[in-house]
Amino acid sequence: MNSADFRRHAHDLVDWMADYLDGVEEFPVKAPVRPGEIAGRLAGSPPHAGEPMATILADFRSVILPGMTHWQHPSFFAYFQANSSRPSVLAEMLTATLGAQCMMWETSPAATELEGRMLEWLRQMIGLPEGFVGSIQDTASTATLCAILAARERASAHGVGMGVGVGVNETGMNDSGVLTAYCSVEAHSSVEKNVKIAGLGRANLRQISVGDDFGMLPADLDRAIEADLAKGCRPACVVATVGTTGVSGFDPLRAIGEVCRKHDVWLHVDAAWAGNALVLPEMRWMIDGVELADSFVFNPHKWLFTNFDCSAFYVRNPAEFVRVFDILPEYLKTRDGSSVTNYRDWGIQLGRRFRALKLWFVIRSYGVEGLQQLIRSHIEMAHSLAEDIEMAEDFELLRPPVLSLLCFRFRPQGADEQSLDEINERLLQTINDSGKLYVTHTRINGTYAIRFVVGQTSTEPRHVREAWTRIQDLARDLWPAGRSAPD
Ligand SMILES: *Cc1c(COP(=O)(O)O)cnc(C)c1O
């Protein structure tokens, strides 16, 4: 492709992008396709000769787009959003154009220095104490893996000076004894996955009970650690969650942090989604005690209008953390050596995308105040929906929103408890098949619940009101009053 063609197609695409974002509401939120349907429309083998861009773009529209779920749709209330924004998209265009690989300072000084500054901005914005130093990771899953690996090194340190670097990294798992990890039963699945990957073993992950408010019970954590110590295990890591994925529970950080301090256990805080709401000063209660944590992660790609992927990961002791990951082969040695930050030493992969640029664009374009307003509006919409649900006689609010996540179910008169799960499962499918909105589900103490999160960039109160009207209509169509069970 020559420069003139690139320019022409790029201009056309920018128009397409603007139209798409303006009109995304017209698409079915959840892709209405069956497994294999899109694959069936793709060529089985690569083309031998190059094809014109016009053909490729036409296929993008006719083959790919119908198989996309539209995450930027204002009626996307499923999972957690991956909300983006126009400023973020502009930055991603520049990042793609620069095509830089930002593994170390020398390979793009501005990328490294901007990343450092953006993580410092975010730290101030969310009220994380001074001293926490951050880096951008692709996802919270990766950040939590890094935290568990660092915790593993601390807990397995042995030999001269007990310094990090003479733990499992050096000697393998053989000499480490049994290392244990802890999280609540409501913690994200990435904790279990990472405990497996890090070599601790799933059998050595203790899942601690939660109280009525879905927060981890610190006394149970303390007992579990004591019991492991009595057995000769080495407790390595506690993962506390701020805003659990299923029902938005909040682990009490201060009490958990005190247990961790008492037993010298690494405390990692997973605030993947809820951490974004910390831009609101009135929400800082969520991280009371965070100064006791060793590491902390939240995802601007979930709820801070920054394109996936972008996860902000902080550690309290960067020197200890970097020792777990740093490595310096001859071909990566540079003149500036240790006087600069080389983010390749801050995680698993060597190569790194330039992700800080989109944060810079988003934060400057909205301003902290603009970001606060949007997040506050999502929280208000969720609370107003909760009030409507509470007023409807045939619906039951199962988890009121603390932030902007709530859970409920349809409870038609006359339906017995056993059939309610099935009724709500079928209702969920009907809602999503409508293409007008997208919601997901969870289980609360075993009960099937429809889970609804407000957090899309372009969601307005009318989208939530329309969603609620539609949910009621679909429910009452499926089970008119007086019916006792689904067909
Ligand atoms: C979404 C989520 C994750 C995983 O996030 P990724 O960035 O996709 O890895 C981890 N923990 C919690 C609490 C989450 O809600």
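Now for a quick tour of the structure.

### Side note on the overall build of the protein chain
(1) Moving on: A tally of helices and strands in the protein chain yields 14 helices and 11 strands.
(2) Moving on: The C-alpha atoms of the protein chain give 24 Å as radius of gyration, which agrees with the globular expectation for 487 residues (23 Å, within 12%).
(3) Moving on: With the C-alpha coordinates aligned to their principal axes, the bounding extent of the protein chain is approximately 75 × 65 × 45 Å.
(4) Moving on: Evaluated residue by residue, the protein chain yields a buried proportion of 52% over its 487 residues.
(5) Moving on: Contacts in the protein chain between residues at least 24 apart in sequence constitute 72% of all its contacts with a sequence separation of at least 6.
(6) Moving on: Accessible surface, the protein chain: about 22,100 Å² in total, of which carbon and sulfur atoms supply 53%.
(7) Moving on: Positive and negative charge centroids in the protein chain, built from 46 and 61 side chains respectively, lie 3 Å apart.

### Digging into the sheet that holds strand β1 (residues 133-137)
(1) Moving on: The strand order across the open sheet formed by seven strands is β1-β7-β6-β5-β4-β2-β3, and the pairing between neighbours is mixed. Strand pairing shows two members of the sheet lacking a second neighbour, β1 and β3 (205-208), which therefore form its edges. Each adjacent strand pair in this sheet contributes to an overall mean axis angle of 20 degrees, direction not counted.
(2) Moving on: Pairing analysis gives five bridges linking strand β4 (residues 234-241) to strand β5 (residues 266-270), with the strands arranged parallel. Counted as the bridge partner of Ala-240 is Val-269 from β5.

### Brief notes about the layout of surface pockets
One simple way to see leftover space: roll a probe sized like a water molecule over the atoms.
(1) Moving on: Considered as a void within the structure, the largest pocket measures approximately 1,100 Å³ in volume.
(2) Moving on: Considering the residues around the largest pocket, the lining is formed by 42 residues, among which Trp-71, Gln-72, Ala-82, Asn-307 and Phe-308 are closest to the centre.
(3) Moving on: Secondary structure elements with two or more residues in the lining of the largest pocket: α1 (3-23), α2 (53-64), α3 (86-98), α5 (140-156), α10 (300-303) and β10 (440-444).
(4) Moving on: With five residues, the top contributor of residues to the lining of the largest pocket is α1.
(5) Moving on: Of the residues contributing to the lining of the largest pocket, the split by class is 21 nonpolar, 17 polar and four charged.
(6) Moving on: Looking at which domains feed residues into the lining of the largest pocket, each of domain 1 (1-30 + 69-84 + 368-487) and domain 2 (100-353) gives three or more.
(7) Moving on: Quantified by volume, the second largest pocket comes out at close to 490 Å³.
(8) Moving on: Taken together, 27 residues line the second largest pocket, and the ones lying closest to its centre are Val-340, Thr-341, Asn-342, Tyr-343 and Trp-346.
(9) Moving on: Among the secondary structure elements, those contributing two or more residues to the lining of the second largest pocket are α4 (109-126) and β1.

About the thresholds
Residues numbered from 1 in each chain as written. Predicted model: local features only at pLDDT ≥ 70, side-chain atom pairs only at ≥ 80, totals over all residues. Heavy atoms only, no water. Helix = DSSP H or I, 4+ residues; strand = E, 2+ residues; numbered from the N terminus. Rg over C-alpha atoms; globule rule 2.2 N^0.38 Å. Buried < 20%, exposed > 50% of the residue type's maximum accessible area, 1.4 Å probe, protein only. Contact = heavy atoms within 4.5 Å. Areas by Shrake-Rupley, 256 points an atom, 1.4 Å probe, with all protein chains shown as cover. Lys, Arg positive; Asp, Glu negative; His and termini not counted. Charge placed at Lys NZ, Arg CZ, Asp CG, Glu CD. Pairing = 2+ DSSP bridges. Axes fitted to C-alpha atoms, helices over the stretch in contact; angles between N-to-C directions. 1 Å grid on protein atoms, 1.4 Å probe; cavity = no way out; pocket = protein on both sides within 12 Å on 5 of 7 lines; lining within 4 Å. Points joined across faces, edges and corners; volume = space filled by probe spheres on them. Nonpolar A, V, L, I, M, F, W, Y, C, P; charged D, E, K, R; others polar. Domains from an automatic or database assignment.

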